[in-house]
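# Architecture and fold: a report
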Amino acid sequence: MNPTLKIGVLIPGYREEAAIGKVVAGVRKYLDLVLMVDDGSPDATAERAREAGAEVIVHEKNQGKGASLKTGLRTLESREVDYFLVMDSDGQHDPDDIPHFIAATRDPEVAVFCGNRMGDLTTMPLVRKLTNKFMSWRISRACGQVIPDSQCGFRMYRRDTLAHLLCETDRFDYETETLLLIARHGLKIGSVPVKTIYGDEKSKIHPVRDTIRFFQLMNRYRKK
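How each quantity is defined
- Residues numbered from 1 in each chain as written.
- Predicted model: local features only at pLDDT ≥ 70, side-chain atom pairs only at ≥ 80, totals over all residues.
- Heavy atoms only, no water.
- Phe/Tyr/Trp six-rings, centres within 6.5 Å; stacked < 30°, edge-to-face > 60°.
- Helix = DSSP H or I, 4+ residues; strand = E, 2+ residues; numbered from the N terminus.
- Buried < 20%, exposed > 50% of the residue type's maximum accessible area, 1.4 Å probe, protein only.
- Pairing = 2+ DSSP bridges.
- Axes fitted to C-alpha atoms, helices over the stretch in contact; angles between N-to-C directions.
- Contact = heavy atoms within 4.5 Å.
- Polar contact = N/O pair within 3.5 Å; in protein donor to acceptor, adjacent residues only side chain to side chain.

### Here we look at the packing of aromatic side chains
The geometry of two aromatic rings is summed up by the distance between their centres and the angle between their planes. Counted according to the given criterion, the structure contains two aromatic pairs. Relative to F154, the ring of F101 has its centre 4.7 Å away and its plane inclined at 40°; by these criteria the two rings are tilted. Linking F101 in helix α4 (residues 98–104) with F154 in the loop between α5 (126–143) and β6 (155–158), this pair joins segments that are 53 residues apart in sequence. Using a relative accessible area of 0% as the deciding quantity, one classes F101 as buried. Ring plane angle 40° and centroid distance 6.1 Å describe the contact between F134 and W137, whose orientation is recorded as tilted. With F134 and W137 both in helix α5 and three residues apart, this pair spans about one turn of that helix.

### A few points about the sheet that holds strand β1 (residues 7–13)
Reading across the sheet, the seven strands line up as β3-β2-β1-β4-β6-β5-β7 and stay open at both edges, with mixed pairing between neighbours. Only two strands of the sheet have a single partner each, and these edge strands are β3 (55–58) and β7 (188–193). For this sheet the average axis-to-axis angle between neighbouring strands, irrespective of direction, equals 20°. Packing of helix α7 (residues 174–184) onto the sheet brings it into contact with β5 (110–116), β6 and β7, and relative to β6 it is tilted by some 35°.

### A few points about the environment of Y30
Topologically, Y30 is positioned in the loop between α1 (20–27) and β2 (34–38). Y30 has contacts with P95, D96, I98 and P99, leaving out every residue within four places of it along the chain. Here the side chain of Y30 touches D96 through a polar contact of 2.7 Å, side chain to side chain.

Next up, the structure:
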């Protein structure tokens, strides 16, 4: 790793008191600057994150994952980081994959590194597997670049992408829209292999509602 490279880790979360402490502790084995944005959790999510060594910002009301990401990105911008590493708070992203992202920064042409879980699908639920493949195919076509796993939230963004990360969406289509914006501005999107981890956690994604939002988003960009 380039010793002059500064990476800030952003972990948005809502009602993750059971998992967040372990996630933060795992991240801090590799990187020191860890910011957790608690999106109005009624439980002890913020307290567990602080105990594990994260800086914590708390939204008074639940605003959605996109809003949490933007809150964190604006805060990390002031810390003059070179890259923003984003990961989930529920334990589905393994901190031990962080070195893969750090190593990927050797390619200066890539502005965004997306985690790619598609190399090992043995533990991924069938419906999610099929949905991810379809959506990744659609996003790849729209972006004009191959993005094997467009639905993975484990990502690292170069600092100069920040202007494209503060877009309109605040919910679960936020991460998809950022890829479309970044590609539209001619920036390269790469992939980093990461593990697929699923436990007993309940997905906060609503299949019908968020699929409709996906198609609405794609239609909106087709008209632009």
